[in-house]
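Residues per chain are reported as follows:
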Amino acid sequence: MARRPEVVNTYRLQMHAGFTLQDAARAVPYLAALGVTHLYLSPITTAVPGSTHGYDVIDPTRLNPELGGEEGYRALVEAQHEHGLGQVLDIVPNHMGIAPGTGNAYWEDVLRHGPGSPHASMFDIDWDAADGRVVLPFLGDGLDAVLARGEIEVVPEPPEEAHVRYFDARFPLAPETLEGWRDGGGSASSVRALLDRQHYSLEFWRTGQRWLNYRRFFAIDTLIGIRAERGETFDLSHGLVLDLVRSGAVDGVRIDHPDGLLDPPGYLARLTRRLAENGAPEGYVVVEKILAPDEPLRENWPGHGTTGYEFMTAATRALVAPEAERTFTALYDEVCGEPQSWPAIEEACRADVVEGPLRGHLERLAAALFTAAADDPGGMGDVTPDAFTDALLRLLASFDRYRTYHAARDLDHAAPETVRRAHERAGGAEGVDRDALAHTARLLSAPPEGPVREAVMRLQQVMPAVQAKGLEDRAFYRYRRLLALNEVGGDPSLFGEPASAFLDRLARDAARWPRRMLATATHDHKRGEDVRMRLAALTEIPDGWASLVREVMADVEPLQQALPARVHPADVYLLLQTVVATLPAGMTEALEGGGSSYTERIVAYMQKALREAAERTDWVDGDETYEGAVATLAGPVLAEDSSPRAALEAFARRLAPLGAVNSLAQVALKVAAPGVTDTYQGCELWDLSLVDPDNRRPVDFRARAALLERLGPALDGDHDARASVFPGLLEDWPSGAVKAYVLARGLRVRRERPRLFVGARFDRLPVRGDEAKRVIAFARTSSEGATVLAVPRLSGALQRGGAFWAPRWGDTTVGLPPGPWRDAFTGAALAGGRTPVQEMLGAFPVALLLPE
């Protein structure tokens, strides 16, 4: 087998019926020219028909025919090998799709045969609950009402495929139950009797969730947890990807939602062992682990680190001005009419999901834990089951981590402190039984081996849903002080950080996770990478932002009077931030194949954001009148000839260059920081997208390939060629070509000299002078030499004249290692030693110095 290419630069592709494996193969020459070393594919095993993301897998043993199947995959692998590329594959070990009638044969066999099915142990089902039947909350009404309307039809032939049909959904029937139904003549009562004899119970979706007895992915009824800890399940769900590794097609894997697994480090140990057995002893393994800003990835997790959310959020904080916090807080409180507390909002949102969609499942887990603890020598004292359940729910709503990590033979030594903080917060609530809370905290801090720990381990698999649904999918949409900070893995209360804090984080990661992934955008991001950078730039002109908000708020007041429902000022504020961050403002970000107008995109985003926030409308009981009012208000605000749009457009044109400089800094940081760079599809140019589905619009690879060809002399040529090209790129910055140039040059340098970046030592460089706080500078050093990166932060105050980039750095200097050096972007030569920043960052916004 040929030597596997080292994972240095990945490029994420979202696979679906509209962008197949054959389409990916056609993009390979361009990606190779860009500097990519590895394709990074979303899941490609068979998913629910029409899936746009692939995480709802229904058969992990087959390549998805909608993506081109085996033939399409062969074409892709041939193309990647022809161009020297490798592949990292996204896999889904935690759950499968079970939407009714979508073809999951394993699940349908379990529904037909119950616990006797050979696949029953694959799924995480509590057969001791709900009278030993799987609760399926998929009806639009109560079962009797559905039957009375004749909405369920029995299809008895052939017996081995007998099922009931409910609109487009199909539910299998146990063969041994058909005879009784035939005797009943097909009446509603006989159908009811037939259904009562099945291994499942059809329930109204609103009420059935309370009795669910299978583990879901978060709170999605159509995604069921699988038991990856079982050897048979692991082999079934990983057999195909291991075959692809053995064939040389795949060099590494991205693990989706490891926190849903019973024992993440145990799973990763098994996975890395199996990768080695299949020809990839150094197989690249990263995990989609969401970390709090002060939370390290556990040392005992085999693999190479995370998929990079923490880098994305840390880079954003580094480019936010902390000194603007007071102005933004005062403005947000003024808009809302009262002080807004992030801690109160996040705890309330976690409590919402604990008491709402997760309550039934958590109650069942609480009962199991109480029973196990009552039989343990430690006992439960006088604590009642109800008090214990209430205490557990309150405690989980107060967690500031996704979960604890107790395993069958090992305690999580970080758990006591995590639980202590949650106990402290929960203990201040009214009506809590403090004795019950103390017992609960004791069990979650250090559960004794045996049934108690087993119960806690099951609970740990559901804990992440509290954070994901309560924090990221609710609180982040409800709190809007500065939207740049409301990103997966972020903390909106951390209003920026000094450069030193960011460099501290990079130094820690260089020491422990030198090959972690570095993301600046993902398929799950809340806002595109350049939207986030423009929002960060708002903090450089806080007074101007405050004036704009007050002006536009006054302008829309007459419009409010004519609406069927008054739009809450906080929702208007959300709209205004979104608009100034996404208006093209002269930039050529294209609506590539999306087909929607700018106004349609913003209105669709507002509807989703307001439903996620669940304050004045939501997904379950949407308030159409209120949503209509928001859409109606957005119309004149966004109309080309309106006064609000004119004010927003003028401000966006002032803001956009500041955001673009931030974006170039972000790209350069990603290129040189410790880890493996990841580029999300299409982000070579300005990415003014919002949350999905907006961030999954088609990408025009032909246009990007043509741009790279035009940049060829500067990318491939000598220093003089670069010196002649970069001034024009700055002048033409709205086209995005300058971003593509920085990325392509950076990726190519990394690919050519990987030892200068992947695994190299990290050293911060001393910056001195009046503007020292506005520079981030560090060096990477290995046995093959060194490289230096310098980028600006908060540089708007240094700009002079009307040019895109014309700063005055004054006496600020960077202490460079001994030279001579050559800038990879401009071709400029520098001597080394104490160097004026004006020489490094005066002509071009970012500098990547390579030894001559």
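These numbers were taken from a predicted model, which means no experiment stands behind them.

Novice: Teacher, can you tell me more about the packing of aromatic side chains here?
Specialist: All told, the structure shown has 27 aromatic pairs when counted by the stated rule. Their ring planes at 20 degrees and their centres at 6.5 Å tell us that F138 and F171 sit as a pair that is stacked. With F138 in strand β7 (residues 134-139) and F171 in strand β10 (residues 169-172), the pair connects residues that are 33 residues apart, well separated along the chain. Classification of F138 by relative accessible area gives buried; the value is 16%. Ring centres 5.4 Å apart and planes at 80 degrees place the aromatic pair W301 and Y405 in the edge-to-face group. Residue W301 is found in the loop between β15 (284-287) and α10 (309-318), and its partner Y405 is found in the loop between α14 (385-396) and α15 (415-426); the two are separated by 104 residues along the sequence. Overall, Y405 belongs to the buried group, its relative accessible area being 10%. Connected via pairs of aromatic rings, a cluster forms that spans Y332, W342, F476, Y479, W545, Y573 and F651. In this arrangement the basic side chain of R210 is found over the ring face of W211, its NZ or CZ atom lying 5.8 Å from the centre.

Novice: I would appreciate a short explanation of unusual backbone geometry in the present structure.
Specialist: The step from D692 to P693 runs through a cis peptide bond, and the omega angle for that step is 10 degrees. Its place among the elements puts P693 in the loop between β17 (676-680) and α25 (701-716). Following G819, the chain continues to P820 via a peptide bond in cis, the omega torsion being 10 degrees. Assignment of secondary structure puts P820 in strand β22 (residues 813-823). One non-glycine residue, H257, adopts positive backbone phi at about 45 degrees. Its relative accessible area of 5% is what places H257 among the buried residues.

Novice: What is the right way to look at the packing of helix α1 (residues 21-34) against α25 in this model?
Specialist: The geometry of a pair of packed helices is captured by two quantities: the angle between their axes and the separation between those axes. Between α1 and α25, the shortest axis-to-axis distance is 10 Å and the interhelical angle comes to 40 degrees. Remark: the crossing between α1 and α25 carries left-handed chirality. Facing A27, Y30, L31, A33 and L34 of α1, the residues of α25 in contact are F701, R704, A705 and L708. Looking at the contact of α1 with α25 residue by residue, the classes come out as 8 nonpolar, no polar and 1 charged.

Novice: What exactly am I supposed to notice about the pattern of salt bridges here?
Specialist: Any two side chains of opposite charge can pair, given that their charged atoms come close. One pass over the structure, following the stated rule, counts 72 salt bridges. As a salt-bridge pair, R401 and D294 come within 3.2 Å of each other at their nearest N and O atoms. Of this pair, R401 sits in the loop between α14 and α15 while D294 sits in the loop between β15 and α10, placing them 107 residues apart in sequence. A residue is classified by how much of its surface remains accessible, and D294, at 60% relative accessible area, is exposed. The network of salt bridges with common partners includes D294, E295, D400, R401, E417, R420, R421, E424 and R425.

What counts and what doesn't
Residues numbered from 1 in each chain as written. Predicted model: local features only at pLDDT ≥ 70, side-chain atom pairs only at ≥ 80, totals over all residues. Heavy atoms only, no water. Phe/Tyr/Trp six-rings, centres within 6.5 Å; stacked < 30°, edge-to-face > 60°. Helix = DSSP H or I, 4+ residues; strand = E, 2+ residues; numbered from the N terminus. Buried < 20%, exposed > 50% of the residue type's maximum accessible area, 1.4 Å probe, protein only. Lys NZ or Arg CZ within 6 Å of the ring centre and 35° of its normal. Axes fitted to C-alpha atoms, helices over the stretch in contact; angles between N-to-C directions. Left-handed = near helix turned anticlockwise from the far one by under 90°. Contact = heavy atoms within 4.5 Å. Nonpolar A, V, L, I, M, F, W, Y, C, P; charged D, E, K, R; others polar. Salt bridge = Lys/Arg side-chain N within 4 Å of Asp/Glu carboxyl O.

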